[in-house]
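Read off the chains here:
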Amino acid sequence: MAQEEIIKQFETQKIRTYWDDEQEKWYFCINDVVEVLTETTDIRQYIKRLRSRDMELNSVWGTICTPHQFRSTDGKMHAVNCASVEGVFRIIQSIPSKKAEPLKQWMASVAAERLRQMQDPERGIREPSIEFEKEKK
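Report follows, based on the coordinates.

About the cut-offs
- Residues numbered from 1 in each chain as written.
- Predicted model: local features only at pLDDT ≥ 70, side-chain atom pairs only at ≥ 80, totals over all residues.
- Heavy atoms only, no water.
- Axes fitted to C-alpha atoms, helices over the stretch in contact; angles between N-to-C directions.
- Helix = DSSP H or I, 4+ residues; strand = E, 2+ residues; numbered from the N terminus.
- Parallel < 35°, antiparallel > 145°, perpendicular 65-115°, else oblique.
- Contact = heavy atoms within 4.5 Å.
- Salt bridge = Lys/Arg side-chain N within 4 Å of Asp/Glu carboxyl O.
- Buried < 20%, exposed > 50% of the residue type's maximum accessible area, 1.4 Å probe, protein only.
- Phe/Tyr/Trp six-rings, centres within 6.5 Å; stacked < 30°, edge-to-face > 60°.
- Lys NZ or Arg CZ within 6 Å of the ring centre and 35° of its normal.

Another point: the packing of helix α1 (residues 30–38) against helix α2 (residues 43–53). At a minimum axis distance of 10 Å, the contact between α1 and α2 shows a crossing angle of 90 degrees. Our classification of the angle between α1 and α2 gives roughly perpendicular. Across the interface between the two elements, I30, N31, V34, E35 and T38 of α1 pack against I43, Y46 and I47 of α2.

Now the structure itself:
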């Protein structure tokens, strides 16, 4: 299964992502998304409390989360939970944050950009990516 790993930029924070060719979906690192939304320093503890507060989310956690290996800054591979756009939207519903709506819009644009590139592969060459456009502003 071919998977393309890319670090995407949302505002000033990085979100680890990967594209799954087989499923034709983007997957986003849940820890990175939670960090963006909450600005917490203890992401694991926040997720643990989130799951204990939202029993419905907790009951589907295993179906919306997919472990994926990312290379960390120390060069080692570490497994982290990732979710598709739909799964991340479900997680976002449980987190009160003023960044929720901008993050959902950003994720939708990331997904739409990939679909456009799949329909017209030369488009990626002709047009700058979302990240590049935001860096220029």
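For the rest of this paragraph, the subject is the pattern of salt bridges. Throughout the structure, instances matching the rule amount to five salt bridges. A salt bridge links D32 to R16; its shortest N-O distance comes to 2.9 Å. One end of the pair, D32, is in helix α1; the other, R16, is in strand β2 (residues 13–20), with 16 residues separating them in the sequence. Between D54 and R90 there is a salt bridge whose closest N-O contact spans 3.0 Å. One end of the pair, D54, is in the loop between α2 and α3 (55–64); the other, R90, is in helix α4 (residues 85–93), with 36 residues separating them in the sequence. Classification of D54 as buried rests on a relative accessible area of 17%. Several salt bridges share partner residues, and in doing so they unite E11, E39 and K99 into one network.

We now examine the packing of aromatic side chains. Going through the model one piece at a time under the given rule, you end up with five aromatic pairs. Here a set of aromatic residues connected by ring pairs shows up, and it is made of F10, F28 and W106. Between the NZ or CZ atom of R16 and the centre of the ring of F70, over which it lies, the distance is 5.5 Å. Its guanidinium or amino end placed over the ring of Y46, R53 lies 5.7 Å from that ring's centre, counting from NZ or CZ.

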